[in-house]
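# Fold and contact review
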Amino acid sequence: MIQTALQGIAAKAAREKSYRFRSLARMLTVSFLLWCWSFINKKAAVGVDKVSAKEYEENLLANVEDLVGQLKGNRYKAKLVRRQYIPKDGGKLRPLGIPAISDKLVQTGVKVILETIYEQDFLSCSYGYRPRTGATNALENLHQELRDGRYHYIVEADIKGYFDNIDHELLVDMLNQRIDDKSFIRLIKKWLKAGILDTDDKIISPATGTPQGGIISPILANIYLHYALDTWFEQVVIPQSRGKACLWRYADDFICAFSSKYEAQRFYHELSKRLAMFNLQLAEDKTHIIKFSRYQKKDKTHFDFLGFEFRWGKSRCGKVVLKRRTSPKKLKKAIMNFTKWFSRLKFLRAKTLTSKEITVISVYQYCLKR
């Protein structure tokens, strides 16, 4: 019944692009959330309530029934989001938000419903955090489009602090274009306004953004850029371009290819204005126009996307081909991390290592000799 209901919503969304869905909050029933429980990562970190998935599952039916009772009685309150930091390139730290397990479950249900609707609207240029597509598809499609040499200029771009700067009011306006259910929208607002418990035990009340790492965040982020970037590129940039133009986006990282230098420069200047309309800014150090022509290889131009480097080169037969390899920066970082890990292990006694670790060390030592 659940699958049938979702299929009906998907068919309606695909058939009527301007239809606004009602009574979505009623779908968050006990049976629906029990079905959504199978999508929860049982090994994920715990939230502020320190309740693990294993502990929650011990009395799953009663917990879900109580949760549904709170939703129907308008007594549901989003718990604080625990903040955790992980390292990123440049020595910076990336903040992640970890919701409580009960919030994860409800967010999973809402995420499934939103995906069912918006997967009918999302364009083929969007690859990040979507079912049945991902980084591999984006790289393969990008390689196939560029290898013919029809594009001569690349605009590589990155949005500065994207997840932290999503405008709540604009996001809600976007959701209202497809959803006519105040209870459902109110639920999403609660997660957007939920306080964040930082590592120093201070509570932060966010005015913008959605916690990166939360279950509901990726779909909301995709919806925001669907209206802010994807549809604009599809409906305005491509029709106004005299030559070829194409977009590949994975979350907030995106690459645009143009056959004309003028079109690339015009898009580069208009892009910052367009994003400013949605209170977003480009990361200037990561946004560039790159000359990328198979006929001018002497420039040695290249660009990185999703951890891979694209450049023109020659095959063994001397034919000009598009080459793709792991980004040297990413590879160097991976080797450094592995070397640090290996350095810590080599001081331990062999009997304390697992057979898998001993095998990895042996392979590493063999590679060093080679």
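Let us look at the structure shown here. (Residues numbered from 1 in each chain as written. Predicted model: local features only at pLDDT ≥ 70, side-chain atom pairs only at ≥ 80, totals over all residues. Heavy atoms only, no water.)

## Section: the overall build of the chain
Secondary structure assignment for the chain yields 12 helices and 11 strands. Counting across all 370 residues of the chain, residues that qualify as buried make up 43%. (Helix = DSSP H or I, 4+ residues; strand = E, 2+ residues; numbered from the N terminus. Buried < 20%, exposed > 50% of the residue type's maximum accessible area, 1.4 Å probe, protein only.)

## Considerations on the nonpolar core
Formed by 74 residues in total, the largest nonpolar core has its most connected members in Leu 114 and Leu 175. Looking at this core, the element that brings in the most residues is helix α9 (residues 217-240), giving 12 residues. Not counting residues up to four positions away in its chain, the partners in contact with Leu 175 are Leu 114, Tyr 118, Ile 185, Ile 188, Leu 220 and Ile 223. Counting residues in hydrophobic clusters, the runner-up holds 19 residues, among them Trp 248, Ile 255, Phe 292 and Trp 312. (Core = buried A, V, L, I, M, F, W, Y, C linked by side-chain atoms within 4.5 Å. Contact = heavy atoms within 4.5 Å.)

## Side note on the packing of aromatic side chains
Aromatic ring pairs: the centre-centre distance and the angle between the two ring planes describe each pair. Considering all chains together, one arrives at 17 aromatic pairs under this definition. Relative to Phe 267, the ring of Phe 258 lies with its centre 5.3 Å away and its plane at 40°, an arrangement referred to as tilted. The same class applies to Phe 258 and to Phe 267, which are both buried. Joined through ring pairs, the aromatic side chains of Tyr 162, Phe 163, Tyr 224 and Phe 278 make up one cluster. A cation over an aromatic ring shows up here: Lys 12 above the ring of Tyr 19, its NZ or CZ 4.6 Å from the ring centre. The lysine or arginine in question, Arg 324, covers the ring of Phe 308, its NZ or CZ lying 5.8 Å from the ring centre. (Phe/Tyr/Trp six-rings, centres within 6.5 Å; stacked < 30°, edge-to-face > 60°. Lys NZ or Arg CZ within 6 Å of the ring centre and 35° of its normal.)

## Quick notes on helix α8 (residues 182-193)
With 12 residues, α8 extends 16 Å between its outermost C-alpha atoms, agreeing within 8% with the 16 Å of an ideal straight helix rising 1.5 Å per residue. All of the buried residues along α8 are Phe 184, Ile 185, Leu 187, Ile 188, Trp 191 and Leu 192. Down the axis of α8, the smallest arc covering the buried residues is 155°, so these residues share one side. Looking at the packing, one finds that the buried side of α8 touches α4 (60-72), α5 (101-118), α7 (168-176) and α9. (Expected span 1.5 Å × (residues − 1). Arc of directions from axis to C-beta.)

## Let's talk about the pattern of salt bridges
If the charged atoms of two oppositely charged side chains come close together, the side chains can form a pair. Going through the model one piece at a time under the given rule, you end up with 13 salt bridges. Across the salt bridge formed by Glu 140 and Arg 324, the nearest N and O atoms sit 2.9 Å from each other. In this pair, Glu 140 sits in helix α6 (residues 135-146) while Arg 324 sits in strand β11 (residues 320-326), placing the two residues 184 residues apart along the sequence. A relative accessible area of 31% places Arg 324 in the partly exposed class. Across the pair Arg 266 and Glu 263 runs a salt bridge whose closest N-O atoms are separated by 2.8 Å. Residue Arg 266 and its partner Glu 263 are located together in helix α10 (residues 261-276), separated by three residues, close to a single helical turn. The partly exposed category is assigned to Arg 266, whose relative accessible area is 28%. Linked by salt bridges that have partners in common, Lys 17, Asp 121 and Arg 178 make up one network. (Salt bridge = Lys/Arg side-chain N within 4 Å of Asp/Glu carboxyl O.)

## Things to note about the pairing of strand β1 (residues 81-87)
The pairing of β1 with strand β4 (residues 196-197) spans two bridges and is classified as parallel. The partner of Val 81 across the bridge, within β4, is Ile 196. Where β1 meets strand β2 (residues 93-98), six bridges bridge the pair, whose relative direction is antiparallel. What sits directly across from Pro 87, in β2, is Leu 93. (Pairing = 2+ DSSP bridges.)

## Comments concerning helix α1 (residues 2-15)
The terminal C-alpha atoms of α1 lie 20 Å apart, and with 14 residues this matches the ideal 20 Å at 1.5 Å per residue to within 8%. Within α1, the full set of buried residues consists of Leu 6, Ile 9, Ala 10 and Ala 13. Taken end-on, α1 shows its buried residues confined to a sector of 100°, consistent with a single buried face. Summarising the geometry of α1, the exposed residues directed more than 90 degrees from the buried face are Thr 4, Gln 7 and Arg 15. Its buried side turned inward, α1 meets α2 (30-36) and α5.

## Focus: the side chain of Thr 210
Mapped onto the elements, Thr 210 comes out in the loop between β5 (203-204) and α9. A polar contact of 2.9 Å, which involves the side chain of Thr 210, links it to the side chain of Ser 217. Beyond its immediate sequence surroundings of up to four residues, Thr 210 is in contact with Phe 163, Ile 166, Leu 192, Ser 217 and Leu 220. (Polar contact = N/O pair within 3.5 Å; in protein donor to acceptor, adjacent residues only side chain to side chain.)

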